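Observations on chain architecture
Okay, here's what each chain looks like letter by letter:
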Amino acid sequence: MYFRRIRAVSHVPYDDTSHVLTITFRDGWKQYAYYGVPSSVWIEFTHASSAGHYVQSRIKPYYSLRR
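Procedures and definitions
- Residues numbered from 1 in each chain as written.
- Predicted model: local features only at pLDDT ≥ 70, side-chain atom pairs only at ≥ 80, totals over all residues.
- Heavy atoms only, no water.
- pLDDT = per-residue confidence, 0-100.
- Helix = DSSP H or I, 4+ residues; strand = E, 2+ residues; numbered from the N terminus.
- Phe/Tyr/Trp six-rings, centres within 6.5 Å; stacked < 30°, edge-to-face > 60°.
- Buried < 20%, exposed > 50% of the residue type's maximum accessible area, 1.4 Å probe, protein only.
- Arc of directions from axis to C-beta.
- Contact = heavy atoms within 4.5 Å.
- Pairing = 2+ DSSP bridges.
- Core = buried A, V, L, I, M, F, W, Y, C linked by side-chain atoms within 4.5 Å.

1. Considerations on the confidence of the model for the chain
Summing up the model confidence of the chain, the mean pLDDT is 84 and the portion of residues at 70 or higher is 85%. Looking at the elements of the chain, mean pLDDT is at its lowest for strand β1 (residues 9-11), recorded as 76, and at its highest for strand β2 (residues 14-15), recorded as 94.

2. Examining the packing of aromatic side chains
Scanning all chains against the criterion turns up two aromatic pairs. Ring geometry for Y14 versus W42: centroids 5.6 Å apart, planes at 15°, classification stacked. With a gap of 28 residues between them, Y14 in strand β2 and W42 in helix α1 (residues 39-46) connect regions that are remote in the sequence. For W42, a relative accessible area of 11% gives the class buried. Ring centres of F45 and Y54 lie 5.8 Å apart, and the angle between their planes is 45°; this geometry places the pair in the tilted category. Owing to a relative accessible area of 0%, F45 belongs among the buried residues under this scheme.

3. Things to note about α1
Those residues of α1 not exposed but buried are V41, W42, F45 and T46. Buried residues of α1 fall within an arc of 135° about the axis and therefore sit on the same side. Close packing links the buried residues of α1 with β2, β3 (20-25) and α2 (51-59).

4. Some points on the pairing of strand β4 (residues 31-35)
Each regular strand shows side chains that alternate between the opposite faces of the sheet. Bridge count for β3 against β4 is five bridges, and the pairing is antiparallel. By the bridge assignment for β4, T22 is matched with A33. In the sheet, β4 pairs with strand β5 (residues 64-66) via three bridges, with the strands oriented antiparallel. Paired with Y35 across the two strands is S64, which belongs to β5.

5. Brief notes about α2
Of the residues making up α2, those classed as buried are A51, Y54, V55 and I59. End-on view of α2: buried residues confined to an arc of 100°, all on one side of the axis. Lining the buried residues of α2 we find β3, β4 and α1.

6. Side note on the nonpolar core
Counting 16 residues, the largest nonpolar core has V12, L21, I23, Y34, F45, V55 and I59 as the members making the most contacts within it. Elements that contribute at least two residues to this core include exactly β3, β4, α1 and α2. Of all the elements, α2 adds the most residues to this core, at four residues. Discounting residues that sit within four places of it in the chain, V55 has contacts with I23, F25, Y34, F45, K60 and P61.

Here is the structure:
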């Protein structure tokens, strides 16, 4: 499991075994787990200039979500 701090979120652990990306945003502390996310998407996400925009355009439309 890998962790990366991003300004807009409190933490973003990624499990490279199960391919689950968990995002907890700072505003409201809501946690979202996205399933089937390849490590390449997680890496792009950690380098995105806007975490919120990246989630809306590159993660949310393509991967299963659980809250």
